[in-house]
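Given next are the chains, with one letter for each unit.
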Amino acid sequence: MAENDTLECVTEHERILQEIESTDTACVGPTLRSIYDDQPNAHKRFMEKLDARIRNHDREIEKMCNFHHQGFVDAITELLKVRADSEKLMGQVTDTNRRLQHAGREVTSQTDEVIHCRLQQRNMVTTVEKLQLCLPVLEMYSKLKEQLESKRVSQYRFCQIMAENLPRLREEIKEISMSDLKDFLESIRKHSDKVGEMAMRQAQKHRTFNSALTKQACLGHYTKPVYSVIGPTHAHIHNALMRDDDDILMAHDLVDFSPVYRCLHIYTVLGNRETFENYYRKQRKKQARLVLQPQGNMHETVEGYTRYFNQIVGFFVVEDHILHATRGLVTRPFTDELWNMALSKIIAVLRTHSSYCDDPDLVLDLKNLIVIFADTLQGYGFPVNRLFDLLFEVRDQYNETLLKKWSLVFREIFELDNYSPIPVETEEEYKLVISRFPFHDAEIEKQDFPKKLPMSQSVPQIYTQVKEFIYASLKFSESLHRSSTEIDDMLRKSTNLLLTRTLNSCLQNHIKKPHIGLTELVQIIINTTHLEQACRYLEDFITNITNVSPETVHTTRLYGLSTFKDARHAAEGEIYTKLNQKIDEFIQLADYDWNMAESDGRASGYLMDLINFLRSTFQVFTHLPGKVAQTACMSACKHLSTSLMQMLLDTELKQISMGAIQQFNLDVIQCELFASSEPVPGFQGDTLQMAFIDLRQLLDLFLVWDWSTYLADYGQPTSKYLRVSPATALALLEKMKDTSKKNNIFSQFRKNERDKQKLIETVVKQLRSLVNLMSS
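Residues numbered from 1 in each chain as written. Predicted model: local features only at pLDDT ≥ 70, side-chain atom pairs only at ≥ 80, totals over all residues. Heavy atoms only, no water.

A. Quick look at the overall build of the protein chain. The number of helices and strands found in the protein chain is 27 helices and two strands. Relative to its 776 residues, the protein chain shows a buried fraction of 40%. Pairs at least 24 apart in sequence give 80% of the contacts found in the protein chain among residues at least 6 apart. (Helix = DSSP H or I, 4+ residues; strand = E, 2+ residues; numbered from the N terminus. Buried < 20%, exposed > 50% of the residue type's maximum accessible area, 1.4 Å probe, protein only. Contact = heavy atoms within 4.5 Å.)

The following block contains the structure:
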C-alpha cells in the first residue's frame, strides 16, 4: 500500500512539474498550493524532485553552452554593448511615460470644465438671440408703460378695446398652449424610445470602458471585473447626451420641450400654474401605465425586451429632464412615486415573461438588458436594488434552461458512446485525451503504443461539458455587482445541481434502458469511478476562475462524489438484476424428464451453456473496482441455486423419479465445480461453494436415502443435513411416493416394493409431525 502511495505521489509530482514548466506563471499559485494540501511531508519530496529537475536542466544547459560556447561568448559581448543603450532608452521611455501621464491628468481634469463652459456659452448665445428678437416688443412696452403712468392712454378707444379683449386673448393663448402640450404628450412616446436607446447605449459604453480598464490593469490575466457601486452618474449620462461628437444626441435634439416650457410659463403668468401641474402629472401617470404594458410575445425575442426597456428608460429620462429644466412642474417625490409604481409593474412583467423562456441564450440576453437598464436608471438617481434581486430569480430560470440543455447533451453522449476503452495509437493521441480529461496512470504510461485507456469516450466528453456548463453559468454571474466569493458560491451550487440532478438522472435513466447489457454496465462503473476522481479537478477549475480558495469559510463543496457513487451503485444493482435475468433465460431452456429411469451420465446442455456464459462474463468483471465482481459472482450463484431449488420443489411438478434426482445431481455437481474453480479471485476457502449447500445436502439425503441419520440428528447444530428443512424434505419426498401403479417409480424393485412404501410412509409421517411442531 505504501509503495502504491509513493508511486502515485511521484506521478503527481511529475504532473505538477510539467504543469509548472508549460503553463503561465499566473496559474502556478493553485498548482503549488495543491502540493501542501496533499499528504504530509509531500512538499519535502516535491522539493527533492524539483531540485533533481533543476539539476537536470542545469546539466542540459551546460551541455548546450559547451556546444555553443563561442556563440554564447559572442552573444554576451553583443548584449553588453546593447545594455548601455537599453538603459539609456529605458530612461527616455520612463521620462516620456511620466510626462505623458502628467499631461493626461491635466487634460482629464479640465475636460469637465470645458464641457461645462461650452454648455454655458451655447446657452448665452441662444439667450442673446432670443432677447434681440424681443427688443422691439420690450421697447414698445416701455413706451406704453410711460404713457400709462402719465395717464395719456386711457382716453383713447383702443385702450378700452384692449381692456375688453385681453381676458379673451388670455384664454385663447391658454387654449392654444394647452393644445400644443397635448400634441407634445401625444408624440412623446415615439421620441421616448430613441431617448431610452441613447441613454442605455451610453450606459453600456461606460460599462465596457470600465471593463477594458480592469482587464488592462490585470495585465491580461483573468480576474473578477470591478464594478461601480452606484453605476454611471447622472453627470456622466447628461454630459454624454449634451456632446456633439460620437453621434450622441442630446435629449432636446430628440424631443422639443418648448411646448412644456411655454405652457408652464403662460399658466404661471396667468395664475393657473397649479392647474397646469396637476394636468401634466395626471397625463404622465396615464402614459406611464401605457408604457409599462408589454407586448404579448415579448418573451420570444430579445428585440421585444429591448423595445420595452427603451420605452421605460426614455419615459424617465424625459421626466428627469423636466425635473431639472423646470422649477416644480415635476418634483422628486412625484418621480419617486412614478418609479415605485413602475418598478413593481416591471418586476411582475419580467418575472412572468422570463418564466416562459426556455432558451438560455435569450435569458442571458435578458439579464444583460436588465443590468444595463438598472445601471442607466440608477445613474439618474432611481433605486434599482429590487431589479438586482429579481436577477437572482432570473438566474434560477437561466440555470433551469441550462440544465435542460445539458440534459440533452448528456443523453446524446451516453447514446453515442461505444462503451469500450479508448484506444490510443500514438503519443499525440494520448496527449489529446489527457488534455481533455485529467487521467494519470503510471502503469499505462509505461506501456508501449498502441494502448487502451480504461474509460470510454463519454468520460472526457462529460468532463468537458461540465466545464462548458460552468463557463455558461459564469456568464450570468458576471455583472451582478457581487463579490468573487458570492460568484464562486453561485458557480458551485449550479454545478452541484448539474451533477446531482441532471447528470445523475441521465445516468440513472440510461442504466435502466433495456438495450444496456452487462458489458456496457461494467464500462459505466469504470467510467463513474474516473469521473468521481476528476471532481477535485473541477473544484480547482472553479477556484482558478473565481480566484477564491476552497478553504474559504462557507465554500460550497461539489457533490460529484455522491452523484457518481449513486450511479455506480445503480449500475451494480442493474448488473445483479441482468445477471439473474440471464440465468432465468438459461433455466427456462431446461427440459428434464422427471420420470426418467436413470440419468444420462452427463450434465444437461443448458446448464453447461449457462456456466460457460458465467465464466466468460466474470472474466470481464475482473476490471471492476472494489468488491463488485465478487458480489456479482456470489449473487449469481445464489440465484442459480435458488432457481434450481424452486424447479425441484415446483408445486406443478407432481412426480419425480430417482433417475431424475440423479440427473439433477449431475447438474448441481457442475455448479459446485464452477464455484470451486474461483471464477472471480478474492473468495476465501469454499465461500462460493456455500451458495449451493442447501441443494447439496438435500440431494445427498435422497441419493443416500439416509433418513435415519436425518431424523436422529434433526435440530442439532452438528447435523449432517442441517440446511434441509422438514418442509423441503417432505415436499420432495411426496413427489416420490407411489401415487399410481401405472407410474410407480420403484417398479424395477418390486420385491422390495412394500418395504420401500412402508419406509416412505413412516418418514412422511415423521416429517409432517416435525413440520407441525415447527408451525405450532
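B. Focus on a nonpolar patch on the surface. A cluster of nonpolar side chains, contributed by I76, L79 and L80, occupies part of the molecular surface with about 270 Å² of accessible area. The exposure class of I76 is partly exposed, given its relative accessible area of 34%. (Patch = residues over 30% accessible without salt bridge, like charges linked within 9 Å, V, L, I, M, F, W, Y side chains within 5 Å. Areas by Shrake-Rupley, 256 points an atom, 1.4 Å probe, with all protein chains shown as cover. Salt bridge = Lys/Arg side-chain N within 4 Å of Asp/Glu carboxyl O.)

C. Representation of the side chain of K451 in the model. By the element assignment, K451 lies in strand 2 (residues 451-453). Salt bridges are absent for the buried K451, whose nearest opposite-charge side chain, E427, sits at 5.8 Å. For K451, the side chain forms a polar contact with the main-chain oxygen of I444, separated by 2.8 Å. The residues contacting K451, other than those within four sequence positions of it, are I422, P423, V424, Y430, I444 and E445. (Lys, Arg positive; Asp, Glu negative; His and termini not counted. Polar contact = N/O pair within 3.5 Å; in protein donor to acceptor, adjacent residues only side chain to side chain.)

D. Representation of helix 18 (residues 518-533). In this model, helix 18 (16 residues) spans 23 Å end to end at C-alpha, consistent with the 22 Å of a helix rising 1.5 Å per residue. Among the 16 residues of helix 18, 13 are classified as buried, and the element is accordingly described as predominantly covered. (Expected span 1.5 Å × (residues − 1).)

E. Fine view of the nonpolar core. Among the nonpolar cores identified, the biggest contains 184 residues, and W339 and I575 are the most heavily contacted of them. The contacts of I575, once residues within four sequence positions are left out, are L518, L521, V522, I525, F621, L624 and A632. (Core = buried A, V, L, I, M, F, W, Y, C linked by side-chain atoms within 4.5 Å.)

F. Fine view of the environment of L390. When you line up the elements, L390 lands in helix 13 (residues 385-416). A relative accessible area of 2% places L390 in the buried class. The sequence separation of L390 and R351 amounts to 39 residues, and the corresponding C-alpha distance is 7.7 Å. The residues touching L390, leaving out its near neighbours within four places in the chain, are I347, L350 and R351.

G. Representation of the packing of aromatic side chains. Inspection of every chain in the model, using the stated rule, returns 29 aromatic pairs. Taking the centre distance of 5.8 Å and the plane angle of 90° together, the rings of W705 and W707 count as edge-to-face. Centroid distance W707 to Y710: 6.2 Å. Interplanar angle 85°. Geometry classified as edge-to-face. On the criterion of helical spacing, the pair formed by W707 and Y710 is a turn pair, its members being three residues apart in helix 25 (residues 707-713). Each member of the pair, W707 as well as Y710, carries the same accessibility label: buried. Put simply, the rings of Y308, F309, F315, F316, W339, F373 and F382 touch in pairs and so form one group of aromatic residues. Its guanidinium or amino end placed over the ring of F476, K367 lies 5.8 Å from that ring's centre, counting from NZ or CZ. When the ring centre of F449 is taken as reference, the NZ or CZ atom of K451 above it lies at 4.4 Å. (Phe/Tyr/Trp six-rings, centres within 6.5 Å; stacked < 30°, edge-to-face > 60°. Lys NZ or Arg CZ within 6 Å of the ring centre and 35° of its normal.)

H. Main features of empty space enclosed by the protein. Tallying each qualifying case throughout the model produces three cavities of 30 Å³ or more. Size it by volume and the largest cavity reaches roughly 70 Å³. The set of elements that each furnish at least two residues to the lining of the largest cavity consists of helix 16 (458-477), helix 17 (484-511) and helix 18. If one sorts the elements of the lining of the largest cavity by residue count, helix 18 sits on top with four residues. Classifying every residue of the lining of the largest cavity gives six nonpolar, four polar and no charged. (1 Å grid on protein atoms, 1.4 Å probe; cavity = no way out; pocket = protein on both sides within 12 Å on 5 of 7 lines; lining within 4 Å. Points joined across faces, edges and corners; volume = space filled by probe spheres on them. Nonpolar A, V, L, I, M, F, W, Y, C, P; charged D, E, K, R; others polar.)

I. Fine view of the packing of helix 21 (residues 605-621) against helix 23 (residues 658-676). As a packed pair, helix 21 and helix 23 sit with axes 10 Å apart at the nearest point and diverge in direction by 10°. Relative to helix 23, the element helix 21 lies roughly parallel. For the crossing formed where helix 21 meets helix 23, the hand is right-handed. Note on element contacts: helix 23 touches helix 21 through D667, Q670, C671 and F674, opposite Y606, L607, M608, I611, L614, R615 and F618. Taken together, the residues of the contact of helix 21 with helix 23 break down into eight nonpolar, one polar and two charged. (Axes fitted to C-alpha atoms, helices over the stretch in contact; angles between N-to-C directions. Parallel < 35°, antiparallel > 145°, perpendicular 65-115°, else oblique. Left-handed = near helix turned anticlockwise from the far one by under 90°.)

J. Quick look at the side chain of N399. Position of N399 among the secondary structure elements: in helix 13. Once residues lying within four places of it in the same chain are set aside, the contact partners of N399 are S473 and S494.

K. Inspection of the confidence of the model for the protein chain at higher detail. Per-residue confidence for the protein chain gives a mean pLDDT of 80, with 84% of residues at or over 70. Every residue in residues 739-749 scores below 50 in pLDDT, and together they form 14 contacts with partners more than four places removed in sequence or on other chains. (pLDDT = per-residue confidence, 0-100.)

L. Fine view of the pattern of salt bridges. One pass over the structure, following the stated rule, counts 22 salt bridges. D95 is paired through a salt bridge with R99; the nearest N and O atoms lie 3.0 Å apart. In this pair, D95 and R99 both sit in helix 4 (residues 69-149), four residues apart, roughly one turn of the helix. We classify D95 as partly exposed; its relative accessible area is 29%. For E734, the salt bridge goes to R768, with nearest N and O atoms at 2.7 Å. Residue E734 is located in helix 26 (residues 726-734), and its partner R768 is located in helix 27 (residues 753-775); the two are separated by 34 residues in the primary sequence. Exposure remark for E734: the relative accessible area of 31% places this residue in the partly exposed category. Residues joined in a network through salt bridges with shared partners are D95, R98 and R99.

M. Broad picture of the packing of helix 10 (residues 302-325) against helix 11 (residues 332-356). Taken N-terminus to C-terminus, the directions of helix 10 and helix 11 make an angle of 175°; their axes are 11 Å apart at the nearest point. By the criterion of interaxial angle, the relationship of helix 10 to helix 11 is roughly antiparallel. Facing helix 10, whose interface residues are Y305, Y308, F309, I312, F315, F316, E319, D320, L323 and H324, helix 11 presents R332, F334, T335, L338, W339, A342, I346, V349, L350, H353 and S354. Along the lines of polarity and charge, the residues of the contact of helix 10 with helix 11 split into 14 nonpolar, four polar and three charged.

N. Main features of helix 21. Given a rise of 1.5 Å per residue, 17 residues ought to cover 24 Å, and the 25 Å separating the end C-alpha atoms of helix 21 matches this to within 8%. Of all the residues in helix 21, the buried ones are Y606, L607, L610, I611, F613, L614, T617, F618 and F621. Mapping the buried residues of helix 21 onto a view down its axis gives an arc of 160°, with all of them on the same face. (Arc of directions from axis to C-beta.)

O. Broad picture of the environment of Y280. Checked against the element boundaries, Y280 lands in helix 9 (residues 273-291). Spatially, the C-alpha atom of Y280 lies 8.1 Å from that of L329, the residues being 49 residues apart in sequence. Not counting the four nearest positions on each side in its chain, Y280 is found in contact with L181, L185, E319, I322, L329 and V330.

P. Geometry of the state of the cysteines. This structure, assessed with the given rule, holds zero disulfides. With no disulfide of its own, C637 has C633 as its nearest cysteine by sulfur position, at a separation of 4.4 Å. Taking the relative accessible area as the measure of exposure, C637 reaches 1% and is therefore buried. (Disulfide = S-S within 2.5 Å.)

Q. Structural detail: the environment of P438. Counting through the fold element by element, P438 comes out in the loop between helix 14 (427-436) and helix 15 (442-446). Remark: the alpha-carbon pair of P438 and H530, spanning 92 residues in sequence, is separated by 9.2 Å.

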